[in-house]
Amino acid sequence: MTTQTEYTARLERAYRRLGTRTPACVTCGESNAFCLELHHIGERAHHDDLAIVCRNCHRKLTDPQKDRVEVHASDPSSEMIGRYLCGLADLLLLIARTVREFGERLLGVGVYADGGSHDPA
């Protein structure tokens, strides 16, 4: 059984790891510190910029990066910039999808369980 002290210590470690006491996934808004991770926008080996994302969104962002692993530019600076821009684009696309889904819910239009897009009118 976990004591309150153990829980508080784990929570403090999560806050330190994330660098804030009010963390949230930049794409979906998840705010449970235990569900959040740091994502290297331009891939770990190429850039140090980080974004806080939940585990689900982290997987969605990391998969496209793995598809680019075999690509190598002739100029290391170009490769670093290219990987960063692709990672940033992936992050912005995921944010845009979240914003669109929220807007569609407000309008009563959107993606439903069957994967289709429906207009109830």
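The preceding data block contains the structure.
A brief report on the enclosed structure follows. In every chain, residue numbers begin from 1 and rise along the written sequence. Local features in this predicted model are restricted to residues of pLDDT 70 or higher, and side-chain atom pairs are both shown and tallied only at a pLDDT of 80 or more, whereas totals for entire chains, interfaces and linings draw on every residue. As a rule here, side-chain values cover all heavy atoms of the structure and leave hydrogens and water aside.

1. So, the nonpolar core
Next, step 1: In this structure, C25, A33, L36 and C57 are the most contacted members of the largest nonpolar core, which totals 17 residues.
Next, step 2: Put simply, the parts of the chain that give this core at least two residues each are helix 1 (4–18), strand 2 (50–54), helix 2 (55–67) and helix 3 (76–107).
Next, step 3: We call two residues in contact whenever any of their non-hydrogen atoms come within 4.5 Å of each other. Apart from the residues within four sequence positions on either side, C57 is in contact with C25, T27, C28 and L94. Among the buried residues, those of types Ala, Val, Leu, Ile, Met, Phe, Trp, Tyr and Cys that are joined through side-chain atoms within 4.5 Å form a nonpolar core. When a residue's accessible area, from a 1.4 Å probe over protein chains only, is under 20% of the maximum for its type it is buried; when over 50% it is exposed; and in between it is partly exposed. The helix and strand labels rest on DSSP assignments: H or I over at least four residues marks a helix, E over at least two residues marks a strand, and numbering proceeds from the N terminus.

2. Considerations on helix 3
Next, step 1: Helix length check: helix 3, at 32 residues, gives a terminal C-alpha distance of 46 Å against a target of 46 Å (1.5 Å per residue), a fit within 8%.
Next, step 2: Burial in helix 3 covers these residues: E79, R83, Y84, G87, D90, L91, L94 and E104.
Next, step 3: Following helix 3 by one or two positions, G108 adopts a phi angle in the positive range, close to 80°. Working rule for helices: expected span equals 1.5 Å times residues minus one.

3. Here's the deal with the environment of C54
Next, step 1: Take C54: it is sitting in strand 2.
Next, step 2: Counting along the chain gives 22 residues from C54 to N32, while the straight-line C-alpha distance between them is 8.5 Å.
Next, step 3: Beyond its immediate chain neighbours, meaning those up to four positions away, C54 contacts C25, C28, E30, C35 and L36.

4. Here we look at a nonpolar patch on the surface
Next, step 1: Together, M80, I81 and L85 make up a nonpolar patch on the protein surface, roughly 270 Å² of accessible area in all.
Next, step 2: In this structure I81 comes out as partly exposed when scored by relative accessible area, which is 48%. Candidates for patches are residues over 30% relative accessible area with no salt bridge; among them, like charges are joined within 9 Å and nonpolar side chains (Val, Leu, Ile, Met, Phe, Trp, Tyr) within 5 Å. For the area figures, the Shrake-Rupley method with a 1.4 Å probe applies, and any residue is considered shielded solely by the protein chains shown. Just to be clear on terms, a salt bridge is a Lys or Arg side-chain nitrogen sitting within 4 Å of an Asp or Glu carboxyl oxygen.

5. Digging into the pairing of strand 2
Next, step 1: Among the five residues that make up strand 2, four are buried, leaving the element largely enclosed by the rest of the structure.
Next, step 2: Each pair of strands is called paired provided DSSP finds at least two bridges between the two strands. Where strand 1 (residues 36–40) meets strand 2, five bridges bridge the pair, whose relative direction is antiparallel. For L36, the partnering residue across the bridge sits in strand 2 and is C54.

6. What about helix 2?
Next, step 1: Between the first and last C-alpha of helix 2 there are 19 Å, a value that for 13 residues agrees with the 18 Å anticipated at 1.5 Å per step.
Next, step 2: Among the residues of helix 2, those classed as buried are C57, H58, L61 and Q65. Buried residues of helix 2, viewed axially, fall in a sector of 105°; they line one side. Exposed and oriented more than 90 degrees from the buried face of helix 2 are N56, R59, K60, K66 and D67.
Next, step 3: Those residues of helix 2 hidden inside the fold are in contact with strand 1, strand 2 and helix 3. What the arc covers is the set of directions going from the helix axis to the C-beta atoms.

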